[in-house]
2 protein chains.
Amino acid sequence: MMDSKNFSNPLSLRDIRVTDDFWKKEMELVRTEVIPYQWDALNDNVPGAAPSFCMKNYRLAGELNARRKADPAWQQPVWTTGIFNLVPEDINNREERFYGFLFQDTDFTKWVEAVAYSLTQHPDPQLEKLADDAIDVVCAAQLENGYLDTFYIINDQSKIFSNLRDHHELYCFGHLTEGAVAYYEATGKDKLLKAACRYADYIDSFFGPEEGKCKGYPGHEIAEMALVRLYHATGNDRYLSLSRFFIDERGKRPYYFDTEADHPFEAKGENPPLRHFYHQAHLPVREQKEAAGHAVRAVYLYSGMADIARLTQDEALFEACETIWNNITTQKMYITGGIGSTHLGEAFTFNYDLPNDTAYAETCASIGLVFFARRMLQIKADARYADIMERALFNGVLSGMALDGKSFFYVNPLEVLPKACHEDERKFHVKPIRQKWFGCACCPPNIARLLSSVAAYAFTENRDTLFVHLYVGSEIVKKVCDKTVKVSIDSELPYSGKASVRISASEPTSMTLALRLPDWAEGCSVNGKGAEVLYSSSRSGESAAEGGSSSMKSVENALTIQKCMEEIAASAGAASAELRSGYLYLTGVWSGETELALDFPMQPRIIAANSAVREDAGKVAVICGPIIYCLEEADNGADLHLVSLNCAQPDFEICPDAVLGAPAIRAAGSRRKPQDSADLSLYHEYRAPEKKACTLTFLPYYMWNNRGEGEMTVWVKED
Amino acid sequence: MMDSKNFSNPLSLRDIRVTDDFWKKEMELVRTEVIPYQWDALNDNVPGAAPSFCMKNYRLAGELNARRKADPAWQQPVWTTGIFNLVPEDINNREERFYGFLFQDTDFTKWVEAVAYSLTQHPDPQLEKLADDAIDVVCAAQLENGYLDTFYIINDQSKIFSNLRDHHELYCFGHLTEGAVAYYEATGKDKLLKAACRYADYIDSFFGPEEGKCKGYPGHEIAEMALVRLYHATGNDRYLSLSRFFIDERGKRPYYFDTEADHPFEAKGENPPLRHFYHQAHLPVREQKEAAGHAVRAVYLYSGMADIARLTQDEALFEACETIWNNITTQKMYITGGIGSTHLGEAFTFNYDLPNDTAYAETCASIGLVFFARRMLQIKADARYADIMERALFNGVLSGMALDGKSFFYVNPLEVLPKACHEDERKFHVKPIRQKWFGCACCPPNIARLLSSVAAYAFTENRDTLFVHLYVGSEIVKKVCDKTVKVSIDSELPYSGKASVRISASEPTSMTLALRLPDWAEGCSVNGKGAEVLYSSSRSGESAAEGGSSSMKSVENALTIQKCMEEIAASAGAASAELRSGYLYLTGVWSGETELALDFPMQPRIIAANSAVREDAGKVAVICGPIIYCLEEADNGADLHLVSLNCAQPDFEICPDAVLGAPAIRAAGSRRKPQDSADLSLYHEYRAPEKKACTLTFLPYYMWNNRGEGEMTVWVKED
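All values reported here derive from a predicted model rather than from experimental measurement.

The rules behind each value
Residues numbered from 1 in each chain as written. Chains lettered and ligands numbered in written order. Predicted model: local features only at pLDDT ≥ 70, side-chain atom pairs only at ≥ 80, totals over all residues. Heavy atoms only, no water. Helix = DSSP H or I, 4+ residues; strand = E, 2+ residues; numbered from the N terminus. Contact = heavy atoms within 4.5 Å. Areas by Shrake-Rupley, 256 points an atom, 1.4 Å probe, with all protein chains shown as cover. Buried area = accessible area lost by both parts, 1.4 Å probe. Salt bridge = Lys/Arg side-chain N within 4 Å of Asp/Glu carboxyl O. Polar contact = N/O pair within 3.5 Å; in protein donor to acceptor, adjacent residues only side chain to side chain. Pairing = 2+ DSSP bridges. Least-squares fit on C-alpha atoms with pLDDT ≥ 70 in both. Buried < 20%, exposed > 50% of the residue type's maximum accessible area, 1.4 Å probe, protein only. Lys, Arg positive; Asp, Glu negative; His and termini not counted. Core = buried A, V, L, I, M, F, W, Y, C linked by side-chain atoms within 4.5 Å. Axes fitted to C-alpha atoms, helices over the stretch in contact; angles between N-to-C directions. Parallel < 35°, antiparallel > 145°, perpendicular 65-115°, else oblique. Left-handed = near helix turned anticlockwise from the far one by under 90°. Nonpolar A, V, L, I, M, F, W, Y, C, P; charged D, E, K, R; others polar. Phe/Tyr/Trp six-rings, centres within 6.5 Å; stacked < 30°, edge-to-face > 60°. Expected span 1.5 Å × (residues − 1). pLDDT = per-residue confidence, 0-100. Patch = residues over 30% accessible without salt bridge, like charges linked within 9 Å, V, L, I, M, F, W, Y side chains within 5 Å. Charge placed at Lys NZ, Arg CZ, Asp CG, Glu CD.

> Let's hear about the overall build of chain A: which residues, and what values?
In terms of helices and strands, chain A carries 21 helices and 23 strands. The contacts of chain A with a sequence gap of at least 6 include a subset with a gap of at least 24, amounting to 71%. In the structure as shown, chain A presents an accessible area of about 26,000 Å², 50% of it carried by carbon and sulfur atoms.

> Requested: an account of the interface of chain A and chain B, with residues and values cited.
Opposite the 61 residues of chain A that make contact, chain B presents 61 residues. Carbon and sulfur atoms make up 54% of the area that chain A and chain B hide from each other, which totals about 4,800 Å². Of all residues in chain A, A:Arg426, A:Arg614 and A:Tyr683 bury the most surface against chain B, accounting for 18% of the area lost on that side. In this structure, the salt-bridge partner of A:Glu711 is B:Arg614, at a minimum N-O distance of 2.9 Å. Across the chain A-chain B interface, the total number found is 34 residue pairs in polar contact (both at pLDDT 80 or more).

> Which residues make up the pairing of strand E13 (residues 583-599) of chain B, and what values do they have?
One face of the sheet, then the other: side chains in a regular strand alternate in exactly this way. Residue and element names in this part refer to chain B. By the bridge criterion, 16 bridges tie strand E10 (residues 498-516) to E13 in an arrangement that is antiparallel. Residue pairing for E13: Arg 502 is matched across the bridge by Glu 595. Examined bridge by bridge, strand E11 (residues 525-526) and E13 share two bridges and lie antiparallel to one another. Among the inter-strand pairings, Ser 525 is bridged to a residue of E13, identified as Asp 599. One ladder, built from five bridges, connects strand E12 (residues 576-580) with E13; its direction is antiparallel. Bridging across to E13, Ala 577 finds its partner in Leu 586. The hairpin turn running from E12 into E13, its antiparallel successor, is two residues long, and Ser 581 in that turn takes a positive phi close to 50°.

> Give a detailed account of the pairing of strand E10 (residues 498-516) of chain A, specifying residues and quantitative values.
Residue and element names in this part refer to chain A. Sheet topology note: the strand E7 (residues 465-468)/E10 ladder contains four bridges and is parallel. The residue of E10 that forms the bridge with Leu 466 is Leu 513. Sheet analysis places strand E9 (residues 483-491) next to E10, joined by seven bridges and oriented antiparallel. Residue pairing in the sheet places Ser 491 in a bridge with Ala 499 of E10. Between E9 and E10, which pair antiparallel and follow one another directly, the connecting turn spans six residues.

> Talk me through the relation of the copies chain A and chain B; I want residue IDs and the actual numbers.
For these two chains of identical sequence, chain A goes onto chain B by a turn of 180° and a shift of 0.1 Å along the axis, with RMSD 0.0 Å. Expressed as an axis order, the relation between the two copies is that of a two-fold axis. Residue A:Arg426, judged by its C-alpha, is the member of chain A lying nearest the rotation axis, at 4.2 Å. Taken as a fraction of all interface residues of chain A, those also at the interface in chain B reach 100%, which identifies the copy contact as same-surface.

> Outline the side chain of B:Asp616, listing residues and values.
Summarising the element assignment, B:Asp616 is placed in the loop between strand E14 (605-609) and strand E15 (619-624). Buried and unpaired, B:Asp616 has no salt bridge, with B:Lys619 as the nearest side chain of opposite charge at 6.0 Å. Among the polar contacts listed, one links the side chain of B:Asp616 to the side chain of B:Asn356, at a separation of 2.9 Å. Residue contacts for B:Asp616: discarding those within four places in its chain leaves A:Tyr683, B:Asn356, B:Ala609 and B:Trp715.

> Quick one: what's the story with the pattern of salt bridges, residue by residue and with numbers?
The final tally for this structure, using the stated rule, is 104 salt bridges over all chains. Ionic pairing is found between A:Arg31 and A:Glu28, a salt bridge with its closest N-O pair at 2.9 Å. Taken together, the residues span about one helical turn, with A:Arg31 and A:Glu28 both in helix H1 (residues 21-42) at a distance of three residues. Across the pair B:Asp166 and B:Arg165 runs a salt bridge, and its minimum N-O distance is 2.9 Å. Residue B:Asp166 is classed as partly exposed on the basis of its relative accessible area, which comes to 25%. Several salt bridges share partner residues, and in doing so they unite A:Glu113, A:Glu178, A:Glu185, A:Arg229 and A:Arg449 into one network.

> Talk me through unusual backbone geometry; I want residue IDs and the actual numbers.
Residues and elements named next belong to chain B. For the bond running from Arg 253 to Pro 254, omega is -10°, close enough to zero to count as cis. The omega angle of the peptide bond from Leu 493 to Pro 494 is 5°, so this bond is cis rather than trans. One can find Pro 494 in the loop between strand E9 (483-491) and E10. Phi at Phe 53 takes a positive value of approximately 70°, unusual for a residue other than glycine.

> I'd like to hear about the side chain of B:Thr358, residue by residue, with values.
Within the element layout of this structure, B:Thr358 appears in the loop between helix H12 (315-331) and helix H13 (363-379). Given the relative accessible area of 13%, B:Thr358 is considered buried. Side chain to side chain, B:Thr358 and A:Arg426 meet in a polar contact 3.1 Å long. Aside from chain neighbours lying at most four places away, what touches B:Thr358 is A:Arg426, B:Ser341, B:Lys427 and B:His429.

> So what's going on with the nonpolar core? Residues and values would help.
Grouped together as the largest cluster of nonpolar side chains are 245 residues, with contacts concentrated most on B:Phe108, B:Ile328 and B:Phe459. Among the nonpolar cores identified, the runner-up in size contains 244 residues, and A:Phe245, A:Val397, A:Leu579 and A:Leu584 belong to it.

> Describe in detail the packing of helix H12 (residues 315-331) of chain A against helix H13 (residues 363-379) of chain A, supporting the description with residues and values.
All names here are of chain A. Where H12 contacts H13, the two axes come as close as 12 Å, and the packing angle between them is 135°. With respect to each other, H12 and H13 are oriented oblique. Considering the relative orientation of H12 and H13, their crossing is left-handed. On the side of H12, the interface is formed by Phe 318, Cys 321, Glu 322, Trp 325 and Ile 328, while H13 contributes Leu 369, Phe 372, Ala 373, Met 376 and Ile 379. A class-by-class count of the residues in the contact of H12 with H13 yields nine nonpolar, no polar and one charged.

> How would you explain the packing of aromatic side chains if you had to name every residue and give the values?
Counted under the stated rule, the structure contains 77 aromatic pairs over all chains. Geometrically, the ring pair formed by A:Phe467 and A:Tyr585 is edge-to-face, given 6.2 Å between the ring centres and 90° between the ring planes. Of this pair, A:Phe467 sits in strand E7 while A:Tyr585 is found in strand E13 (residues 583-599), placing the two residues 118 residues apart along the sequence. As far as burial versus exposure is concerned, A:Phe467 and A:Tyr585 are alike and both buried. Ring geometry for B:Phe207 against B:Phe246: centres 5.6 Å apart, planes inclined by 75°, an arrangement best described as edge-to-face.

> If you had to explain H12(A) to someone new, which residues and values would you point to?
Taking 1.5 Å as the rise per residue, H12(A) with 17 residues should run 24 Å; its terminal C-alpha atoms sit 23 Å apart, in good agreement. What H12(A) keeps buried is the set A:Leu317, A:Phe318, A:Ala320, A:Cys321, A:Glu322, A:Ile324, A:Trp325, A:Asn327, A:Ile328, A:Thr329 and A:Gln331.

> Provide a residue-level description of helix H8 (residues 223-234) of chain A, including the pertinent values.
Residue and element names in this part refer to chain A. End to end, H8 covers 16 Å across twelve residues, agreeing with the expected 16 Å (1.5 Å per residue, within 8%). Buried residues dominate H8, accounting for nine of its twelve residues. By the burial criterion, the buried members of H8 are Ala 223, Glu 224, Met 225, Ala 226, Leu 227, Val 228, Arg 229, Leu 230 and Tyr 231. On the buried face of H8, the contacting elements are helix H3 (105-121), helix H6 (169-187), helix H7 (191-206), helix H9 (237-249), helix H11 (295-311) and H13. In the segment just after H8, Gly 235 is the residue with positive phi, at about 75°.

> So what about the confidence of the model for chain A? Which residues, and what values?
Confidence along chain A averages 92 in pLDDT terms, with 94% of residues attaining 70 or more. In the predicted structure, residues 541-548 of chain A sits below a pLDDT of 50 and forms one contact with residues beyond four places in sequence or in another chain.

> Kindly report on the packing of H6(A) against H7(A), identifying the contributing residues and their values.
Residue and element names in this part refer to chain A. In contact at an axis separation of 8 Å, H6 and H7 are set at 145° when each is read in the N-to-C sense. Viewed along their axes, H6 and H7 form a crossing whose handedness is left-handed. From H6, Glu 169, Leu 170, Phe 173, Leu 176, Thr 177, Gly 179, Ala 180, Val 181 and Tyr 184 reach across to H7, where they touch Leu 192, Leu 193, Ala 196, Tyr 199, Ala 200 and Ile 203.

> Account for the environment of A:Thr587, with residues named and values stated.
Residues and elements named next belong to chain A. Structurally, the position occupied by Thr 587 is in strand E13. Overall, the relative accessible area of 28% leaves Thr 587 in the partly exposed class. There is a polar contact of 3.0 Å between the side chain of Thr 587 and the side chain of Thr 512.

> Just give me the short version of a negative patch on the surface, but keep the residues and values in it.
All names here are of chain A. Taken together, the side chains of Asp 21, Asp 490, Glu 492 and Glu 595 define an acidic patch exposed on the protein surface. Looking at the secondary structure, you find Glu 595 in strand E13. Judged by relative accessible area, which is 45%, Glu 595 ranks as partly exposed.

> Before we move on, could you go through the environment of B:Tyr202 and cite the residues and values that matter?
Residue and element names in this part refer to chain B. Mapped onto the elements of the fold, Tyr 202 is located in helix H7 (residues 191-206). By relative accessible area, Tyr 202 is classed as buried at 17%. Linking Tyr 202 and Phe 698, residues 496 residues apart in sequence, is a C-alpha distance of 54 Å. Those residues within four positions of Tyr 202 in sequence are excluded, and the remaining contacts are Asn 145, Gly 146, Tyr 147, Ile 160 and Phe 161.

Rendered as structure tokens:
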């Protein structure tokens, strides 16, 4: 059940200054490496990289508009619209037409979104000028009626919205809107926002429940959540209704996509719902129980569903979100927060199907999982959501970018044999080394916009509560009615669990601070209190699963917890302390300076997968705090399939700065003696394996592959 | 080095009567089930199955010929030739044109080959009449110039041999020739043989080293070995030269396939050799060191190479065959004798890449490996070849057909989770249940022709030697000069190693009997002699690898072996006994009846794979004699990834007739306790696994999947 009292929203990034050592470094990489590179890329200025054509397309669309206005009799040439990725042999000798992937507009709109976030943390007039000028170009491409997608503006305007399933117009609109809102919120400039509104108005006039309007919905979701942002930014209800319309229409019979002229004869097999899985359009969304189809599309949709569930207080929709969330996180998610087990359709597969070496686990899908998690947190601050959000961020997302910010992974496997990536077509999607850029450049800009807005995921608020979901060192200005409170967070995460929260109120202010107690922080304490009970009590659902406790014992427990809460409240000068769903709520009237010392102990832990995961049977993973570790050939030699971890006595040792400046974890393991090189037999009489003790060196998964090609594995055989 | 004294050839099947319990049953299945079914299939008379169109196409080609002859001015309509598998909506309302796959002619030619072999063992005038009538239809389709491929006869004769790479004409010719020779040898009737010769003559006039002739070669090999059979049957040297020409041309630069008009612009990337891997045309064959590309094409080529190496005493070619043989059998072969690790191109991949659950291991590829092995044996009776031939026959080949002969596997995986086959597109090629028939029906007829000619693989001969490669119970008439010797073999294989050989000579005849000592028969004996030394001495290469023996010890060994040989010779009434490459050679002047009692002990053995095979690390397989065993869900429950074999103390027990009438092997194992169903966590703190002792029931791999869908695995975790 939803309770609107618990709803929350991200703060304006202008009210947060990120100071965190770890995240600040990532954000600086985005600012100094990714954003400039991306600008060059979308202007076709990266030697050796596939041209984007993005700004060229906008410019051409603008010129065509101008010509059309100057001479209403002028007939624009019409090209075929079935082109997916047209690239001329010589970029300088190209015809006047659209080039690149048909969603190429988003190269700009994602860039401008990252720029916007970056400007909130690091004002940069030169960069802002660059963005303003680019926005002028983009806005010049907009048609009189508000339509703004260069593919159809250039190619054939009669075909607008005729192929929603494949042609990404509403996806491009969604990114345009996200970028426009972000830029407006960061700079106060509304030129792009107005363009997005005009386009949204056009879409609203085209689609809708009213008779005569089109009953379609996006082939690639994102417009749903983008429209919600536009609604928040403008207060215009129609954008909320349009988002809800898209969500409500999805999966209705007859299938809208089947009625589209561009693919009328295709794949209308015996099993109609199956063929709409890819687009999550196989069933009305409230009836969907499993994460299905293209993973990025899926989590973008679920994010939009969560937004609408919250804003319209739609219990059935929230229930669908919860069901799908549980399905993903208990049956379809890699330990890294990666999702999408197959490259075929970049998609979810069946429950517990989590192959490590052929994983897709697209960076963008993990990013989408972060979106979804934050939106679930906005409905209900349950640490289950934040735990996964943190997991995905530190692992499945960060692994997508090299430590120097200069190369990227689309696909984030959990086990790699470079030879297989080169020679086995089934693994061609798994790159053994990060790539400079991609023709279909979705992941790098997506990382850029997420990392530069990480504070929007770390914190949410409602009227009188500040939620700390992630301990990202920051200075936050929290408004409570007409008062403001400053909250400073210091954090040594992810490699130490020490953190502190300082509340500064110039006048007494009533406020609740909701602090997440991470799932990995057994023995955590606040101001030195609660190490015995805080962790286990914070996750009642989980401890209940450990076995029934007698009612006598529960009474005892309740008393212990109450005592602990009183101690913590007293130490923090708060009126009350309370545990709910993995969050510690400290409520009080704050004045002056209050400092809370948080301690989230972290030590290396050995993790096993559900026994239903066949690929991980007999294997374990090592994690420490929020970080998943892995073995790399560079530290452990080749043939990682021959090593195992001594699970009974791992003798873990954390070695600060040992690998690439990060702590490595050394552990006791063993290595099977490989077959004698003189023995060429492929099969031979079994002999008890000879094993040699060895020291294994684990490094954070997100840092893998920063030292050239080599084997890697997250899951190690147990011994 | 080759030594022509050791060369041998298969005997005429008319000189062998197979009496073997095991193989006779398989051959009867082919005779009573497969051949009639196949006849119905190629006449489109199987309700519910994709029509073959095979005989319809032959008939139409014949009618067009007749029309052309009757009216030379008549213009045959021309259709496009780019059609791969055209199937009309309603088979009765089809236009007068070619339908089905473009190699559909081989549905008949493979059938007639199986019929021929079957007639040698089981004369059947009615079946022979059916074949004769069908041959009339086929021969009527032949053009005046000898060309005989209905695809181009019907579609567009101007395009004959214009797309050798893809269009299978020379493949169809090969099968036609194999069928024609087999039918001639079985029945003495030469109508089809003459047609094949006329077609071969036409091909010989088209292709060849002479100026002006085409320098192409088959896109799908088989013509190479078929021409050798035609040469043996007719004595016509030109067929041998043509085969050699195809082998010599293959892989020469510039690549012939690149010059073909039908695919001039395709895939001419930066890496020319790579794109010809699929067709084994990336390098001249003598320079090829690794098995590459489409596995069936590959082993068909290697078989042809071995034929030509022998007949032309081409050392370099033989060396290439040996290198490739070693590569396959020590780096690219499943323990079942399956080859081809990927469904993408049905192809070989890199060394030691042997995934069990995505294996292709096509039935036809194992059949081709049997072809290759027999041809290597013809050059040199080395038990290494026969061991693999036997392995493939009893396992990777037989698994292709259900026990009732009514359904078939193309793909023979070593691990199956039916859910994955249904829901994971990456495993759609792995069928969880045998299929009735295939639109592209290569495997079932290939099994039929192999099983009904198994005696041609079990035995070869040269002037005075009879080689027994496989112990297939048979009565053999061996001609030595103008005398004949009868050799009767009784065999309890594959489930007991007792066998006997009876030699009956009505007059004293000098002959050598070469008996293979199987690689699995440790402690084997002849007439009760040699149990101590015969096995280890028979495989000097292997025993040498065990570690150097002092020269003193070798002298001792040599004496022991010599004594053993003398004892065996004496017991057999032979002049001499000798061990060479895993064969026991008994030479003598035989008269009257001589009986040899052979004992090849078999007990369950645990086998491990080379440590370089990642997918089998920490796993073992169980084999007994020539049979590979597996675990099925039907006997062991689901979740086979949770069970392991107690390798230290397996307590094997053979239970006769326990599963599907075959012996099952029971063994001590354990099963991991699955995760508590109340615990939904996908990842959790590691706990030492709880294991429960259990009894594992193994059944012969070739019998798997005869009791409906279920999990199966050959490789079991070691404990």
